[in-house]
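Coordinates in review
Spelled out, the chains give:
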Amino acid sequence: MPLLSSEPIRARCLVKSNLVTTRSNVANNRMPNIKVFSGTSHPDLAQRIVDRLGIDVGKVVTKKFSNLETCVEIGESVRGEDVYIIQSGSGEVNDNLMELLIMINACKIASASRVTAVIPCFPYARQDKKDKNGDIPENDNNRSRATVKCNEWKFRELFRDFVIGNQSRAPISAKLVANMLSVAGADHIITMDLHASQIQGFFDIPVDNLFAEPAVLKWIKENIPEWRNSIIVSPDAGGAKRVTSIADRLNVEFALIHKERKKANEVASMVLVGDVKERIAILVDDMADTCGTICHAAEKLTEAGATKVYAILTHGIFSGPAISRINNACFEAVVVTNTIPQDGHMKECPKIRCIDVSMMFAEAVRRTHNGESVSYLFSNVPY
């Protein structure tokens, strides 16, 4: 009888133990709530992203002290939350980068479960390797140009020594930025069309590099009626892979422009490889800064017989004389995404068109939060 009376007690203990274990597992597997904060670089993009997610932008106050130090105050609890901070590397790049680092650190030390930096345009991405080839002094050792031509071997020796000397002291600033983001406390990075894909290897944390290509293909098919008679052109050798991918998806041909630079933001010469005669030329690149390259490329394509010239760029930086150059160039349209604010540029230049990529970032945030695959976005535009 004592044995029989103890069975219900043992059964109740087992049930209670199972319930406790189940509750514990559920608690451990539960995904934290999501919080999205916006820096000051691109609040419009952040608002578009949260509107698509159906949530509100988190409360945050950013200000500067009288000595221009950045101050950030997170206005709500982030303990145990899945935090996403949206900040693009545009405008006042250094201030915006510092603001992002402070926001990441503020959330991390406030016990956020995970902090993801959403950086549509990655800052310092062009400084990804040691290849600063500087300028050769015109009157080095009082040599005239005629003397340099007559003594070509001396010129080559001088050039080699000068370049090697410059390379040894060139920084790899993209790696420095990667280290800063990691040390600040970022657990994950989401960006778009990195200038050099190897930058992903600078991080010891996951990096999702989204592509603007699906949105670009959609824009071409919807806005260029004669796109089947087009040719996709890369303004430099570095963009050949990007151009061939788009050309294959559209089933059209591609061309390449080989360029040589005297120094940064100055193009010395260009050679077109491919036939663009009687075709619509579509220049595709990841970013445009002063627009010297794409404007020279447009002239080259027109001289080669292209009927119309379009330019499609992921990141439209448009600094210095860029807008005036575009206004004076022979473009039908210069298409950019809104990884960088474009409202001011569009007012100054009617040729500029903007593709909204907020839905791609919103879907990347949603999939990351829910633990789903992001690779769908590499070839599709979420509707």
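What counts as what
- Residues numbered from 1 in each chain as written.
- Predicted model: local features only at pLDDT ≥ 70, side-chain atom pairs only at ≥ 80, totals over all residues.
- Heavy atoms only, no water.
- Buried < 20%, exposed > 50% of the residue type's maximum accessible area, 1.4 Å probe, protein only.
- Helix = DSSP H or I, 4+ residues; strand = E, 2+ residues; numbered from the N terminus.
- Pairing = 2+ DSSP bridges.
- Right-handed = clockwise from strand over helix to strand, strands pointing away.
- Salt bridge = Lys/Arg side-chain N within 4 Å of Asp/Glu carboxyl O.
- Axes fitted to C-alpha atoms, helices over the stretch in contact; angles between N-to-C directions.
- Parallel < 35°, antiparallel > 145°, perpendicular 65-115°, else oblique.
- Contact = heavy atoms within 4.5 Å.
- Nonpolar A, V, L, I, M, F, W, Y, C, P; charged D, E, K, R; others polar.
- Arc of directions from axis to C-beta.
- Polar contact = N/O pair within 3.5 Å; in protein donor to acceptor, adjacent residues only side chain to side chain.

1. A look at the pairing of strand β11 (residues 280-288)
For β11, the tally of buried residues reaches 9 of 9 residues, placing the bulk of the element in the interior. With 4 bridges connecting them, strand β8 (residues 230-234) and β11 associate as parallel partners. Residue pairing in the sheet places Val 233 in a bridge with Leu 283 of β11. Across 8 bridges, the pairing between β11 and strand β12 (residues 308-316) is parallel. The residue of β12 that forms the bridge with Ile 282 is Tyr 310. Remark: the β11/helix α9 (residues 292-303)/β12 crossover connection has right-handed handedness.

2. Observations regarding the pattern of salt bridges
For the structure on display, the rule yields 16 salt bridges. A salt bridge links Asp 356 to Arg 48, with the shortest nitrogen-to-oxygen separation between them at 3.2 Å. One end of the pair, Asp 356, is in the loop between β14 (352-355) and α12 (358-370); the other, Arg 48, is in helix α2 (residues 43-53), and 308 residues separate them in sequence. The exposure class assigned to Arg 48 is partly exposed, which follows from its relative accessible area of 38%. When salt bridges that share partners are traced, they join Glu 363, Arg 366, Arg 367 and Glu 372 into one network.

3. Concerning the packing of helix α3 (residues 93-109) against helix α6 (residues 173-184)
Where α3 contacts α6, the two axes come as close as 8 Å, and the packing angle between them is 25°. With respect to α6, the axis of α3 lies roughly parallel. Between α3 and α6, the residues in contact are Leu 97, Leu 100, Leu 101, Ile 104, Asn 105 and Lys 108 and Val 177, Met 180, Leu 181 and Ala 184, respectively. A class-by-class count of the residues in the contact of α3 with α6 yields 8 nonpolar, 1 polar and 1 charged.

4. Here we look at α2
Think of an α-helix as 3.6 residues a turn; residues three or four steps apart then line up on the same face. Leu 45, Ala 46, Ile 49 and Val 50 are the residues of α2 that are buried. End-on view of α2: buried residues confined to an arc of 130°, all on one side of the axis. Exposed side of α2, more than 90 degrees from the buried face: Pro 43 and Asp 51 are the residues found there. Lining the buried residues of α2 we find β1 (34-38), β4 (82-86) and α12. Positioned one or two residues after α2, Gly 54 has a phi angle of 75°, which is positive.

5. Focus on the environment of Glu 253
If you trace the backbone, Glu 253 turns up in strand β9 (residues 253-263). Owing to a relative accessible area of 45%, Glu 253 belongs among the partly exposed residues under this scheme. Distance from Glu 253 to Ile 232, taken between C-alpha atoms, is 6.5 Å for residues 21 residues apart in sequence. Not counting residues within four places of it along the chain, the set of residues in contact with Glu 253 comprises Ser 230, Ile 231, Ile 232, Ala 247 and Arg 279. Engagement of the side chain of Glu 253 in a polar contact is seen with the side chain of Arg 279, the distance being 2.9 Å.

6. Points about unusual backbone geometry
Even without a glycine there, the phi angle at Asp 193 is positive, about 45°. Non-glycine residue Cys 291 carries a positive phi angle of around 70°. With respect to the element layout, Cys 291 can be found in the loop between β11 and α9.

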